[in-house]
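Chain residues, written in single-letter form:
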Amino acid sequence: MIIMYVVGTVFVIFGGIFLLINLHFFRNGKVLNGKVIGIEKYLSRQSSTNNTRAKQVFYRPIVEYLFNGQTVKFASSFGSSAISHKIGQRVKLISLHKGAEYVRMNSKLLWLFPLIFFVLGCILSGVYLYNEESSNFKVGVLVLSFGLIFFGYQQLKRKNLLDAITDSLLKVDVLDDTELMEKEIFYSEAEVSKELAKTYKYSFWITVVFTMALAYGAHFFYGELKPKSLDYIDRVTSDPAAIVEIQSYISDKSLLGFIVCSIFAVLMLYSVFYQSRRR
């Protein structure tokens, strides 16, 4: 199950990088006030199974703020499939002195998602190392991991790519009037409400169907669990620390099916409640 450690390490690196970026902003930036002046609708391309590029609709706020006395408009670095801001909403920003483009919204989500990846990566890597019997192999894996990370860091630094990559992660898209005109942006709550009604008309019921299917899947797999897997679930509910023993039960495919269906069913259920409120 070395793949569990590899995935965990990737998650730790990914989450750690964005947590460090957040810390950099909070340590070296200053808090400013901004205002959401519009919601941009754009298409994000994603790979599909037939090697074509599928398109998905995303939304992100367009924010206006003052930097050194000048009005600056920028698009949030992160978009989502849901509209989570309102036109005219006041927001807190964190800005670096380097320039108007070095700014980001002071959002809890900027901490939540990298923290989830970081913690999940630590759990996956920890579970693998805890269940690995050979101490020499554990040390070898850790040394190899840190060695590869250090080698990659030195290579990026030697090719002068480290500063460029870091700089690009700190920036947002600053927009002028011409660029704003080229984008599809909703500037009023009436336009946003119309878009929401159109978006949720079908997606709400599709989400409900998927939620019911996943709930049924969790119920089905639960009925197929082996007795030892049932005992393991009972132990985890009373003692969450027992999660580290999951590798001993991973051979039970029904357990995997139950865990996957349960997790996604909860996420889809949250989406149902969220969409019902937005409707």
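In what follows, the accompanying structure is described. In this text, all values refer to a predicted model and were calculated from it rather than measured experimentally.

### What to know about empty space enclosed by the protein
A full pass over the atoms with the stated rule returns one cavity of 30 Å³ or more. Taken as a whole, the largest cavity spans an internal volume of roughly 40 Å³. As for the largest cavity, its lining consists of Asn-22, Phe-26, Ile-94, Arg-104, Met-105, Asn-106, Ser-107, Leu-110 and Trp-111. Among the elements of the structure, helix H1 (2–28), strand E5 (103–105) and helix H2 (109–131) are those that each provide at least two residues to the lining of the largest cavity. Here the lining of the largest cavity is built from residues that sort into five nonpolar, three polar and one charged.

### Considering a nonpolar patch on the surface
Residues Ile-13, Ile-17, Leu-142, Phe-146, Ile-149, Ile-165 and Leu-169 make up a contiguous nonpolar surface patch of about 570 Å² in total accessible area. Breaking the nonpolar patch down by element, the ones donating at least two residues are H1, helix H3 (135–158) and helix H4 (162–170). For the nonpolar patch, the element with the most residues is H3, which contributes three residues. Mapping Ile-17 onto the fold places it in helix H1.

### Observations regarding the packing of aromatic side chains
Enumeration according to the criterion identifies nine aromatic pairs in this entry. Between Tyr-42 and Phe-58 the ring centres are 6.2 Å apart and the planes differ by 25 degrees, which places this aromatic pair in the stacked class. In this pair, Tyr-42 is assigned in strand E1 (residues 30–47) and Phe-58 in strand E2 (residues 53–67), connecting sequence segments 16 residues apart. On the basis of relative accessibility, which here comes to 22%, the residue Tyr-42 falls in the partly exposed class. When the centroid spacing of 5.5 Å and the interplanar angle of 50 degrees are considered together, the rings of Tyr-222 and Phe-258 count as tilted.

Criteria and cut-off values
- Residues numbered from 1 in each chain as written.
- Predicted model: local features only at pLDDT ≥ 70, side-chain atom pairs only at ≥ 80, totals over all residues.
- Heavy atoms only, no water.
- 1 Å grid on protein atoms, 1.4 Å probe; cavity = no way out; pocket = protein on both sides within 12 Å on 5 of 7 lines; lining within 4 Å.
- Points joined across faces, edges and corners; volume = space filled by probe spheres on them.
- Helix = DSSP H or I, 4+ residues; strand = E, 2+ residues; numbered from the N terminus.
- Nonpolar A, V, L, I, M, F, W, Y, C, P; charged D, E, K, R; others polar.
- Patch = residues over 30% accessible without salt bridge, like charges linked within 9 Å, V, L, I, M, F, W, Y side chains within 5 Å.
- Areas by Shrake-Rupley, 256 points an atom, 1.4 Å probe, with all protein chains shown as cover.
- Salt bridge = Lys/Arg side-chain N within 4 Å of Asp/Glu carboxyl O.
- Phe/Tyr/Trp six-rings, centres within 6.5 Å; stacked < 30°, edge-to-face > 60°.
- Buried < 20%, exposed > 50% of the residue type's maximum accessible area, 1.4 Å probe, protein only.

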